[in-house]
Structure formats: structure tokens, C-alpha cells
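The primary structure of each chain is shown beneath.
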Amino acid sequence: TAYGFRQVGEGEKQDLVNTVFHRVAERYDTMNDLMSGGLHRLWKDAMVAWLAPSKRPGYRALDVAGGTGDIAFRIVDASRGHADVTVLDINGSMLEVGRARGEKRGIADRLTFVEANAEELPFEDNSFDAYTIAFGIRNVPRIDTALSEAFRVLKPGGRFLCLEFSEVDMPLLDKVYEAWSFHAIPRIGKAVTGDDEPYRYLVESIRKFPNQENFAAMITSAGFSRATWRDYSGGIAALHSGWKI
Ligand code: SAM
């Protein structure tokens with residue numbers, strides 16, 4: 001295949017991911033709705049509800065792999081417009097869409113956009129009250145490095161939350177989900193962007209990602225306390241939580 005995704009190295013993996021998101025940035029939000037049947041909105045709402053950001057000024061959140069801003073906007077709204085949210089993404093095209101959406105919503109003054117790698121955060125230690133990452137960590141080549149960076153930039157008492165596709169643990173639903181991922185998603189990708197290969201790669205990356213329990217263990221290894229998770233939609237997505245104590 002053009003992408004040869006089965007045996008890519010770490011640098012190559014990141015290049016692939018970058019190509020996919022440069023190409024889809026403008027259509028990313030539409031694709032999300034089509035591919036998840038709108039479910040991603042509910043999962044993201046649930047994520048920010050669990051975060052329950054402070055409604056006082058001074059609360060600082062970092063949304064990594066923040067893309068077009070979905071999580072950042074929800075955090076600003078949930079804080080009644082008080083939180084300062086930094087949206088970090090490796091992809092300038094995604095951030096541009098996010099910036100435009102933020103302006104349209106009239107919350108540009110609460111948002112900062114930073115083009116950088118989750119594996120090397122350009123922030124000082126102990127800088128943020130919360131670190132969020134939604135459907136992003138799966139794309140990062142060195143997940144343990146990204147988790148250590150998350151731990152480093154959080155303030156003591158800070159919260160880590162990660163929303164990601166996970167292991168479906170429901171008879172029947174797992175079969176339906178598998179059919180949807182392997183057949184429908186690449187087709188929708190091809191219909192909307194003209195190319196199915198990047199979507200085969202993304203589906204493959206979901207299959208390879210550690211399940212709920214193993215990912216919780218990785219969060220603990222990075223130094224976080226009280227690593228737990230909640231499943232959504234039978235485990236199609238899972239939300240992991242941890243604290244820097
Ligand atoms: N969080 C957004 C959401 O939930 O809608 C966007 C998720 S999108 C599926 C994945 C994002 O991860 C893309 O915007 C991509 O550019 C970003 N990304 C991939 N590798 C990254 C890395 N190493 N560091 C930071 N961002 C990365």
C-alpha cells in the first residue's frame with residue numbers, strides 16, 4: 001500500500017498521522033460526526049463534565065492533540081468563560097480550523113494555540129491545573145514519553161484526563177463495531193476525502209492501542225495516582241483519569 005502502515009517506524013508513523021490530519025483538517029468535524037454517528041459529542045461532553053473545571057479565574061488547562069478545539073471550547077463553557085485553555089497540536093492546519101472556530105464563538109481571548117509535539121511540551125514544570133487529550137494519544141508514537149510530559153507540566157493536585165477509543169466488551173456490539181470500523185469508516189473516508197488508506201491506518205491504530213486496564217497501568221507508571229476509567233458506549237471509547245499528587 002502507499003502507506004505500508006503495518007510496519008512503520010516511529011518517525012514514519014508521525015509523518016503518516018500528520019499527512020492524514022493536514023488533508024482532512026477542513027472536513028475533520030464533519031468526518032467525526034459521520035464516523036461516530038454524533039457519539040463523539042456525547043463522549044466529549046462527559047469528559048468535560050468529569051473534569052468539572054473551576055469556575056473561578058486563574059484555572060489553566062492544556063488540551064493536547066486539541067485539533068479543532070472541541071475539548072477546549074467545552075472547558076471554557078463549563079468554567080463559565082473563566083478558564084484559560086492552551087490548545088496544543090502538532091498540526092498547524094488543525095489548529096487554524098480551531099482558531100477560526102474559537103473566534104466565531106467569541107472566546108478567542110480565552111484560548112492560546114501552540115504548534116508542538118505531545119512528546120516534548122514547550123512548558124515549564126507544574127504549569128497547568130488540568131491536562132486533557134481526546135482521541136490523540138493513540139496517534140503519538142511514544143505514548144510513555146507523552147504521559148511523562150503530561151505529569152511534568154501538571155501542577156501538584158493537577159488532573160489528567162484521556163479520552164480514547166478502547167476495547168469493546170459487549171457481545172454483539174463488538175461485531176457490529178468491527179464491521180463498522182473495517183468497512184464503513186474507510187468508505188466514508190474515501191467518499192469525503194477521496195482516499196481510504198489513511199482511514200485504514202486510523203482503524204488499525206485503534207486495534208493496536210492498549211485496552212482499558214493496560215492503559216491505566218501505563219498512566220500509573222508515568223507517576224499518576226488513582227488511575228481509573230469509565231467506559232462509554234460499551235467500551236468503544238474510554239475515559240481515563242489520573243492525579244498528580
Ligand atoms: N482532540 C480533538 C478531538 O477530539 O476532536 C482532535 C483529535 S484528532 C483524532 C487527533 C489529533 O492529534 C490531530 O489533530 C493530530 O494532529 C494530533 N496529533 C497527532 N500526533 C500528535 C503529537 N505527536 N503531538 C501533538 N498532537 C498530535
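Residues numbered from 1 in each chain as written. Predicted model: local features only at pLDDT ≥ 70, side-chain atom pairs only at ≥ 80, totals over all residues.

A. Seen up close, the overall build of the protein chain. When you go through the protein chain residue by residue, the secondary structure sums to 9 helices and 7 strands. For 245 residues, the compact-globule estimate of 2.2 N^0.38 gives 18 Å, and the protein chain sits close to it at 17 Å. With the C-alpha coordinates of the protein chain rotated into their principal frame, the extents come out at 50 × 40 × 35 Å. Counting only residues that meet the buried cut, the protein chain has 38% of its 245 residues in that class. In the protein chain, of all internal contacts separated by at least 6 residues, the share reaching a separation of at least 24 is 71%. (Helix = DSSP H or I, 4+ residues; strand = E, 2+ residues; numbered from the N terminus. Rg over C-alpha atoms; globule rule 2.2 N^0.38 Å. Buried ≥ 20, exposed ≤ 12 C-beta atoms within 10 Å, placed from the backbone. Contact = placed C-beta atoms within 7 Å.)

B. Quick look at the site of the ligand. Near the ligand you find 21 residues, and of these Ala-65, Gly-67, Asn-91, Ala-118 and Ala-134 are the closest. For the shell around the ligand, the leading source of residues is helix H1 (residues 10-24), giving 3 residues. Here the residues of the shell around the ligand sort into 11 nonpolar, 7 polar and 3 charged. (Near = placed C-beta within 6 Å. Nonpolar A, V, L, I, M, F, W, Y, C, P; charged D, E, K, R; others polar.)

C. Representation of the confidence of the model for the protein chain. Per-residue confidence for the protein chain gives a mean pLDDT of 93; residues scoring 70 or more make up 97%. Taken together, the stretch residues 1-6 has pLDDT below 50 and engages in 8 contacts with residues farther than four places along the chain or on a different chain. (pLDDT = per-residue confidence, 0-100.)

D. Quick look at the nonpolar core. Core analysis: the biggest nonpolar cluster contains 61 residues, and Met-47, Ile-75 and Tyr-131 have the highest contact counts within it. The dominant element in this core, judged by the number of residues it contributes, is strand E5 (residues 154-165), at 6 residues. When neighbours within four sequence positions are excluded, Tyr-131 is seen to be in contact with Leu-62, Val-64, Ala-150, Val-153, Leu-154, Gly-158 and Phe-160. (Core = buried A, V, L, I, M, F, W, Y, C linked by C-beta atoms within 7 Å.)

E. Layout of the pairing of strand E2 (residues 84-89). Here E2 lies mainly inside the structure; 5 of its 6 residues are buried. Since strand E1 (residues 60-64) and E2 lie parallel, the crossover through helix H4 (residues 70-78) that links them has a hand, and here it is right-handed. Note that E2 and strand E3 (residues 111-115) share 5 bridges and pair parallel. Among the inter-strand pairings, Leu-88 is bridged to a residue of E3, identified as Val-114. Once you follow E2 into helix H5 (residues 92-104) and on to E3, the crossover reads as right-handed. (Right-handed = clockwise from strand over helix to strand, strands pointing away. Pairing = 2+ DSSP bridges.)

F. Quick peek at the packing of helix H3 (residues 39-51) against H4. Put simply, H3 and H4 touch, their axes get as near as 10 Å, and they point 45° apart. Relative to H4, H3 is oriented oblique. For H3 against H4, the interelement crossing comes out right-handed. Seen from H3, the contacting residues are Lys-44, Asp-45, Met-47, Val-48 and Leu-51; seen from H4, they are Asp-70, Ile-71, Arg-74, Ile-75 and Ala-78. Residues belonging to the contact of H3 with H4 are distributed by class as follows: 6 nonpolar, no polar and 4 charged. (Axes fitted to C-alpha atoms, helices over the stretch in contact; angles between N-to-C directions. Parallel < 35°, antiparallel > 145°, perpendicular 65-115°, else oblique. Left-handed = near helix turned anticlockwise from the far one by under 90°.)

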